[in-house]
Structure formats: structure tokens, C-alpha cells
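# Chains, contacts and geometry: an overview
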Amino acid sequence: MQIVSWNVASVRARLPLLKTFLCEEKPDIVFLQEIKATSENFPFSELKKCGYRSYIHGQKGFNGVAVLSKKDLQNQVIDMPAISGDIQARFVQVEDDNLIYISVYVPNGNPPLNDLKDTSRLAYKLEWMQAFNNYVHQLSTCQKPIVIGGDFNVIVHDFDVYDAQLFQGNALILPSVRAQFSQLECMPLINTLRYLHPTEKLYSFWDFQQGAAQRNMGMLLDYIFISSILKDKLYKSGIYKQYRFMEKPSDHAPVYCFLDDF
DNA sequence: ATGGCTTTCTACGAAAGA
């Protein structure tokens, strides 16, 4: 089976490219982030015509996540036990008989310092990641293996960005953020991209501005994790970079992995 | 990079993204 994670930066703006993608690559499961839509304006029926059911946690204008699936899924969980007062749609969970599927959109966290009007976005990011780690840790004690796809908004290694110096102090690269991210690997969950490509220079995001994609000024922010019990089923992973260069692209490319069928 | 792009919203500029 093929699993994909893609920050589409608006599911409505991306609908033509998303449909092309689904027809070309025929993934079984797709984790979407930044759908920027609610259930009122999410294109359920258009995606149904492509053969996919949609399970969404929507929000008007910003954020929003979804899981698309060729087969019916059950037990939709709309949010993890979140930090108090959190109203942002960054988590959705569904399952089938074999697996639990989670789509996440980790907060960006910039600017990293408090200013007078805004409580720190960095503090929110770190709190959110801690709550997510706690939830996944607790979930990993149950029998069913987990698959998590998302935009983690972390530059894990300095070689995961075109110029690490430029991003010193940025909320994507801070040691505290990297430390939260690395807890996922301790659960233990397998990072499907890095398990098969430990040192390869891979990017999943290129800014819309300044011809960043053409100049390959990118960074790696998107990953798919699987429970370690599934690791012998993992036989391929990578990034569909070409979708960043097609008409009306997202600033993220889809990341993928393939698992042996159950 | 103090977002030179893109998207959204009770829209016609501002906020957000990374």
C-alpha cells in the first residue's frame, strides 16, 4: 500500500493538482495539511469522484487537516487531548482494521520571541508538540500500529535546509524544537524517509518567493512515521518533487512511503 | 529576510505561512 503526506496550502485552490496527483499516483492513504476549509466548503464530492473518502478536521481560513482513503475508515477522532484553549485544527485520526492513521500540522512557531501584543508562537509550538508526543506515546501502548503523516515544521539536520546559517534562531531549527521532534523516534516510531535515506539531501518545501524552487532553495519539513513493528514492511519512500513544479503548485511537495500489504 | 508569493476572509488591505 502507498501512503502520502502533503501540505496542500488550501485544498480548494489545489483541487485540480490534487486530482491529477490522485489519478497519477493512486495512493491508498493521503494525509493533507493546511486544507483551509471547513466541512461546508471541503470538496468531498469531487474527491469521491476520484475514488476517495475524506475525513477532515476543518477550520475556516487557516490550518485544517484531513485523511483521504480509498477504503472506508472508522472511529474518527477530531482532536487529541489538546493544550487548554487550543482552537486550531491541526490533528485528525481515523482507523481501519489494521492501522491507526493520524494527520498532523505542527505549528510554525515564528516569530520565536514574545512581543507585547502576541503571546509567543514558539511557546505554543513547543506546548503543542509536547501534547502531541504525550498523546502518541499513550496511543503506542495499544495493540494497533500507527501511521502518522504531517508537516512537522522542523529542520531536523542542518543539511535539511539550503542554508542553515540563515535560519539560526528560527523556530524551525531551534534545539528545543528539534528535541521535541526527536522524541517521536524514541517511542519508537520509524521515520520512513530517513530510515531508507539516512543522509540524502531531500527537500519537501520550497518558498513561493524569489524562485526558490527553481534555485533549489528548499527545506525538509514533511514526514511519514510508522510504528516500529511495521518496519520490515517498509520497502520504499521518497518525495514527489515534480508536483512542486506543475501548474498552480503548493509550496510543499507530497512525501510518500510504500508498505507491503497486510 | 522586516515574507519581492499565494491564499483567505463577512474582503478591496491585512494576516498568515516558513
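This text follows the structure it describes.
Predicted, not measured: the structure shown is a model, and the values here were computed from it.

Scoring rules and cut-offs
- Residues numbered from 1 in each chain as written.
- Chains lettered and ligands numbered in written order.
- Predicted model: local features only at pLDDT ≥ 70, side-chain atom pairs only at ≥ 80, totals over all residues.
- Pairing = 2+ DSSP bridges.
- Helix = DSSP H or I, 4+ residues; strand = E, 2+ residues; numbered from the N terminus.
- Axes fitted to C-alpha atoms, helices over the stretch in contact; angles between N-to-C directions.
- Near = placed C-beta within 6 Å.
- Nonpolar A, V, L, I, M, F, W, Y, C, P; charged D, E, K, R; others polar.
- Expected span 1.5 Å × (residues − 1).
- Contact = placed C-beta atoms within 7 Å.
- Core = buried A, V, L, I, M, F, W, Y, C linked by C-beta atoms within 7 Å.
- Buried ≥ 20, exposed ≤ 12 C-beta atoms within 10 Å, placed from the backbone.

To continue, consider the sheet that holds strand S3 (residues 53–57). Reading across from one edge, S3-S4-S2-S1-S14-S13 is the order of the 6 strands in this open sheet, with mixed pairing throughout. The open sheet has two free edges, formed respectively by S3 and strand S13 (234–239), since each of these has just one partner strand. On average, adjacent strands in this sheet sit at an angle of 15° to one another, irrespective of strand direction. As defined by bridge partners, strand S1 (residues 2–7) adjoins strand S2 (residues 29–33) across 5 bridges and the pair is classed as parallel. Bridge assignment links Ser5 to a residue of S2, and that residue is Phe31.

Further remarks concern the protein's contact with DNA strand B. Among the 23 residues in the neighbourhood of DNA strand B, the closest are listed as Ser10, Ala13, Gly61, Asn108 and Asn110. Split into classes, the residues belonging to the surface near DNA strand B amount to 9 nonpolar, 8 polar and 6 charged.

In this model, helix H3 (residues 121–139) (19 residues) spans 27 Å end to end at C-alpha, consistent with the 27 Å of a helix rising 1.5 Å per residue. Residues of H3 that are buried in the fold lie against strand S7 (100–105) and helix H4 (175–185).

Looking at soluble globular proteins, one finds that nonpolar side chains tend to be buried together. Ranked by internal contacts, the top residues of the largest apolar core, which has 76 residues, are Leu32, Ile35, Val65, Ala66, Val67 and Tyr101. Ignoring anything within four residues of it in the chain, the contact list for Ala66 reads Leu32, Ile35, Ser54, Tyr55, Ile56, Val92 and Ser103.

Topologically, Val177 is positioned in helix H4. Since 25 C-beta atoms lie within 10 Å of it, Val177 is described here as buried. Once you skip the residues sitting within four places of it in the chain, Val177 turns out to touch Gly109, Lys125, Leu126, Val154 and Ala171.

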